[in-house]
Amino acid sequence: MKILHLSDTHGTHHRLTELPKADIVVHSGDFCMVGEEREALDFLNWICDLPYNHKIFICGNHDACLHDANIDGLDSNVHFLCNSDIEIEGFKFYGVPMFTEDCISSRQTHNYANIPDDTDILITHSPALGILDLDDSVNGDFIHYGSEEILQRVMKIHPRAHLFGHVHRQHGTMEQYGIIFSNGAIMNDDYTKLNIPNIIEI
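Here is a short report on the structure shown in this document. (Residues numbered from 1 in each chain as written. Predicted model: local features only at pLDDT ≥ 70, side-chain atom pairs only at ≥ 80, totals over all residues. Heavy atoms only, no water.)

1. Examining unusual backbone geometry
Next up, step 1: Within the chain, Asp-8 stands out as a residue other than glycine whose phi angle is a positive 50 degrees.
Next up, step 2: Relative to the helices and strands, Asp-8 resides in the loop between strand E1 (2-6) and strand E2 (24-27).
Next up, step 3: A positive phi is found at Asp-68, a non-glycine position, where the angle reads about 60 degrees.
Next up, step 4: Positionally, Asp-68 belongs in the loop between strand E3 (54-57) and strand E4 (78-80). (Helix = DSSP H or I, 4+ residues; strand = E, 2+ residues; numbered from the N terminus.)

Shown next as structure tokens:
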């Protein structure tokens, strides 16, 4: 299975022309810039039109208009995962969004704790702590912005792959602990350039 992984497009999805071939495209959140409904609708129309067998997306912290939303009318091969799963070609994909409202409460901790043990491909917006998550702090030092809770869950369930974004500076892939990690952030760290999308083979 070949997965095209995108994240953090922030309204630039129409600039992603000539995308590479894959079986599935996964967007791990932040398709909006300011979280308005018109941005989300534009993205939904775009992803529905992509020529892939299956399309999966979750929400990031910039996609606030979809918090607690029920999205109706998507094509049958377009899957919105919100603390939920879909099985495709024998692989279980599970997606956890990152809404600010959840992060400032205990709800996000609950969401991460409920990631199923049999998840094959985990999709979150935030990285796991210490994995493709380095970025500048206010004083210019590099610090880790990933989640300790995600790291603990990933180490316990050991998925085949973990797809995420959020930290634009760390776009890329790596393999560690027998797990493929992919930071799919398309916008670079100062929002001036587009990164090349990641291709993951499972």
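Once the structure has been displayed, the description carries forward.
2. Here's the deal with the pattern of salt bridges
Next up, step 1: Counted under the stated rule, the structure contains 8 salt bridges.
Next up, step 2: Note that Arg-153 and Asp-117 form a salt bridge whose closest N and O atoms lie 2.6 Å from each other. In this pair, Arg-153 sits in helix H4 (residues 148-157) while Asp-117 sits in the loop between helix H3 (107-113) and strand E7 (121-124), placing the two residues 36 residues apart along the sequence.
Next up, step 3: On the accessibility criterion, Asp-117 (52% relative accessible area) is exposed.
Next up, step 4: Overlapping salt bridges, with partners in common, bring together Asp-135, Asp-136, Arg-169 and Asp-189 in one network. (Salt bridge = Lys/Arg side-chain N within 4 Å of Asp/Glu carboxyl O. Buried < 20%, exposed > 50% of the residue type's maximum accessible area, 1.4 Å probe, protein only.)

3. Focus: H4
Next up, step 1: For H4, the complete set of buried residues consists of Ile-150, Leu-151, Arg-153, Val-154 and Ile-157. Looking down the long axis of H4, one finds its buried residues gathered within 170 degrees of arc, a one-sided arrangement. In H4, the exposed positions angled more than 90 degrees off the buried face are occupied by Gln-152 and Lys-156.
Next up, step 2: Where H4 begins, one side-chain oxygen reaches toward the backbone nitrogen of Glu-149, 3.2 Å away; that side chain belongs to Ser-147.
Next up, step 3: Just beyond H4, the residue with positive phi is His-158, at close to 55 degrees. (Arc of directions from axis to C-beta. Polar contact = N/O pair within 3.5 Å; in protein donor to acceptor, adjacent residues only side chain to side chain.)

4. Comments concerning the pairing of strand E10 (residues 161-164)
Next up, step 1: Because side chains alternate across E10, one face comprises the buried residues Ala-161 and Leu-163, and the other comprises His-162 and Phe-164, equally buried.
Next up, step 2: Bridge count between E7 and E10: 3 bridges; the pairing is parallel. Bridge pairing in E10 links Ile-123 to Leu-163.
Next up, step 3: Sheet topology note: the E10/strand E12 (residues 179-183) ladder contains 4 bridges and is parallel. Each residue of the ladder has a partner; that of Ala-161, found in E12, is Ile-180. (Pairing = 2+ DSSP bridges.)

5. Some remarks on the sheet that holds E2
Next up, step 1: In spatial order, the strands read E4-E3-E2-E1-E13; together these 5 strands make up an open sheet with mixed pairing. In this open sheet, the two edge strands, each paired with only one partner strand, are E4 and strand E13 (198-201). The mean angle between the axes of side-by-side strands here comes to 20 degrees, regardless of whether they run parallel or antiparallel.
Next up, step 2: Bridging between E3 and E4 involves 3 bridges; their strand directions are parallel. Within E4, the residue paired with Phe-57 across the bridge is Phe-80.
Next up, step 3: The strands touched by helix H1 (residues 37-49) within the sheet are E1, E2, E3 and E4, with E3 carrying the most contacts at an inclination of about 150 degrees. (Axes fitted to C-alpha atoms, helices over the stretch in contact; angles between N-to-C directions. Contact = heavy atoms within 4.5 Å.)

6. So, the sheet that holds E7
Next up, step 1: One open sheet holds the 6 strands; their spatial order is E5-E6-E7-E10-E12-E11, and the pairing between them is mixed. Here the strands that pair on one side only, and so sit at the sheet edges, are strand E5 (84-88) and strand E11 (172-176). Here the strands of the sheet are splayed against their neighbours by 15 degrees on average, with no regard to which way each runs.
Next up, step 2: Contacts from H4 reach E7, E10 and E12 within the one sheet, and its direction differs from that of E12 by about 150 degrees.

7. Comments concerning the packing of aromatic side chains
Next up, step 1: Taken as a whole and judged by the stated rule, the model has 5 aromatic pairs.
Next up, step 2: Summarising the aromatic geometry, the rings of Phe-43 and Trp-46 are spaced 5.9 Å apart at their centres and angled 35 degrees between planes, so their arrangement reads as tilted. Separated by 3 residues within a single helix, Phe-43 and Trp-46 lie in helix H1, roughly one turn from each other. Residues Phe-43 and Trp-46 agree in their burial class; the two are buried.
Next up, step 3: With 5.0 Å between their ring centres and 25 degrees between their planes, Phe-57 and Phe-80 make a pair best called stacked. (Phe/Tyr/Trp six-rings, centres within 6.5 Å; stacked < 30°, edge-to-face > 60°.)

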